Amino acid sequence: MAKLEDIQRLCLSRAIIFPTAEIYGGLSGCFDYGPIGVLIKRKFLDYWRQFFVKNEDNIFELDGAVILPEKVLIASGHVESFVDPITQCEKCKSIYRADNFIEEKTGRFVEGKSPQELTKIIREEKLVCPNCKGSLSEVRMFNLMFKTFAGPTGEQTAYLRPESAQNIFTGFERVFRAVRGKLPLGIAQHGHAFRNEISARQFVIRSREFNQIEIEMFFDPENDGCERFDEVKDKEIIIMTREAQLKNGEAVKVKVGEAVKKNILPNKWMGYFLAKEFEFFKSLGIKEENMRFRHMLPEETPHYSGGNFDLEIKFDFGWKEVVGNAYRTDHDLKNHSKFSGEDLSVALPDGRKVLPHVVEPSFGLERILYAILLESYVDDKERGWVWLKLPKKIAPYAAGVYPLVNKDKLPDKAREVYKLLKKEFDVFFDDSGSIGKRYARADEIGVPFGITIDYQTLEDDTVTVRDRDTTKQERVKIEELINFIKNRLN
Ligand code: GAP
């Protein structure tokens, strides 16, 4: 398996993803996407939208502001509770996230412990600053939100949103009315989220600004209305139960229908989304054995939750959450009703008024792209270069177009082919260096097809098409090229 360093090196050398404001030394945890990164990201988002939104009749989209007034985040609980425990070296002033630090140094699981308990453990275990051996301060809580002030006099406190979800709750009533909605109804959103992580690290894995893609599925708690559940009930997923975690056991493969029936999963909506996610990631090349849904332990789960199931992927450095799935009950709508004074309940056809319950799948784009890059990375000794076996649907370009040599009208003909393909696909033109070097450059960013214009092209209007995965070449008529590529991409 490739390593974080390999992916990072490739991302930097091809400007796929690179540090923000790099020429000024960057800002830890913030990244920019270059041309290839933008294309991969856009294609991934299109595919996600196709899979989770367009495929459904009752999921609508929102694109909310990233700056939220303080009241929203007081109501959601973020102002009070979106905190991590920190400890500081009294000598060199280095800061550590206390729970992670203790877990790393002692192997003890301390998630959910109070600052006092964490301080006690630091003292018991005689932990000191790894930098300078200085003693560590008492543990205190640090709020992860970026605070700002709106207006010239800064009269209104605001925050950069720590999750995209809150716009969906605050906009719920208006959207519900506007689409003349009925339950169940989903609202989906993609956008940036911001967290002032204590130690941003592992490239994009723990960023301070990142992309979330979320759906809030609102439903009647007495009648979930998950009509398509039958389509997924026999699909198998892998769950790491709480029991297995406590007993050092294995994750189990289980049919989604059974998992709901046996109350391993709290409801059909949770089952529906987990089944869809499993399929989605498999279709992107993530191996089944490298995925699991971990039922979060009670101490990791918010008090209002009816169950959280993190989709974790096995990376080069271990298992890591890429999608958080939460049964948020009516917690958010209830609190926003209370704090805003607006009644966010919904009148049902049978005369009841309910506050909808919510199941939320929350995807983190950066971690997912990293997982796909890692899975696609092939250090090919035979070929003599690194190439990306990217799923074709999210490859940045469909094809590269190459004149075999830069003379005898081959470049003009190649430009013609390039223009033709450009109307249908993202393609690029490359006439520099040997044809082998051009193949290598395209392989390195996962371009599925290489189209070479040679002397035969001038005679019979055919080109060679090289397949990235097999390196085999075949001759295709220019007039059939668009359909040829379309078929192969699908
Ligand atoms: N609205 C629910 C929510 O925000 P979360 O588990 O905190 O849930 C969802 O975040 C996803 O966002 C995670 O599964 C992860 O992929 C991504 N994510 C969270 N914090 C991140 C960070 N600091 N850097 C990159 N991605 C992050």
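Please refer to the structure higher up on the page.
Since the model is a prediction, treat every value here as computed from it, not as a measurement.

If you walk across this open sheet you meet the three strands as β6-β5-β7, and the pairing is antiparallel. Either end of the sheet is taken by a strand with one partner, and the two such strands are β6 (95–97) and β7 (140–143). Geometrically, the sheet is characterised by an average inter-axis angle of 45° between neighbouring strands, direction not taken into account. Pairing between strand β5 (residues 83–88) and β7: four bridges, direction antiparallel.

This next bit is on the pattern of salt bridges. Under the defined criterion, the tally for this structure stands at 46 salt bridges. A salt bridge links Glu-258 to Lys-262; its shortest N-O distance comes to 3.6 Å. Residue Glu-258 is classed as partly exposed on the basis of its relative accessible area, which comes to 38%. Residue Arg-352 pairs with Asp-350 through a salt bridge whose shortest N-O separation is 3.0 Å. Sharing partners across several salt bridges, the network here consists of Glu-236, Lys-253, Glu-279, Lys-282 and Glu-288.

So, about the sheet that holds strand β16 (residues 318–329). In spatial order, the strands read β3-β10-β11-β19-β16-β15-β14-β12-β13; together these nine strands make up an open sheet with mixed pairing. One side of each edge strand has no neighbouring strand; the edge strands of this open sheet are β3 (59–62) and β13 (252–255). Pairwise comparison of adjacent strand axes, ignoring direction, gives a mean angle of 30° for this sheet. By the bridge criterion, six bridges tie β16 to strand β19 (residues 357–364) in an arrangement that is antiparallel. Bridging from a neighbouring strand, Thr-329 pairs with Val-358 of β19.

This brings us to a nonpolar patch on the surface. Taken together, the side chains of Leu-404, Tyr-455 and Leu-458 define a hydrophobic patch exposed on the protein surface, amounting to about 250 Å² of accessible area. Relative to the elements of secondary structure, Tyr-455 occurs in helix α16 (residues 455–460).

For the rest of this paragraph, the subject is the packing of aromatic side chains. Tallied over the entire structure, the rule returns 30 aromatic pairs. Arranged with centres 5.8 Å apart and planes meeting at 65°, the rings of Phe-44 and Phe-280 form a pair that is edge-to-face. Of this pair, Phe-44 sits in helix α2 (residues 35–54) while Phe-280 is found in helix α11 (residues 268–283), placing the two residues 236 residues apart along the sequence. Both residues of the pair, Phe-44 and Phe-280, belong to the buried class. Geometrically, the ring pair formed by Tyr-272 and Phe-273 is edge-to-face, given 5.8 Å between the ring centres and 70° between the ring planes. Both residues of the pair, Tyr-272 and Phe-273, count as buried.

Parameters and conventions
Residues numbered from 1 in each chain as written. Predicted model: local features only at pLDDT ≥ 70, side-chain atom pairs only at ≥ 80, totals over all residues. Heavy atoms only, no water. Pairing = 2+ DSSP bridges. Helix = DSSP H or I, 4+ residues; strand = E, 2+ residues; numbered from the N terminus. Axes fitted to C-alpha atoms, helices over the stretch in contact; angles between N-to-C directions. Salt bridge = Lys/Arg side-chain N within 4 Å of Asp/Glu carboxyl O. Buried < 20%, exposed > 50% of the residue type's maximum accessible area, 1.4 Å probe, protein only. Patch = residues over 30% accessible without salt bridge, like charges linked within 9 Å, V, L, I, M, F, W, Y side chains within 5 Å. Areas by Shrake-Rupley, 256 points an atom, 1.4 Å probe, with all protein chains shown as cover. Phe/Tyr/Trp six-rings, centres within 6.5 Å; stacked < 30°, edge-to-face > 60°.

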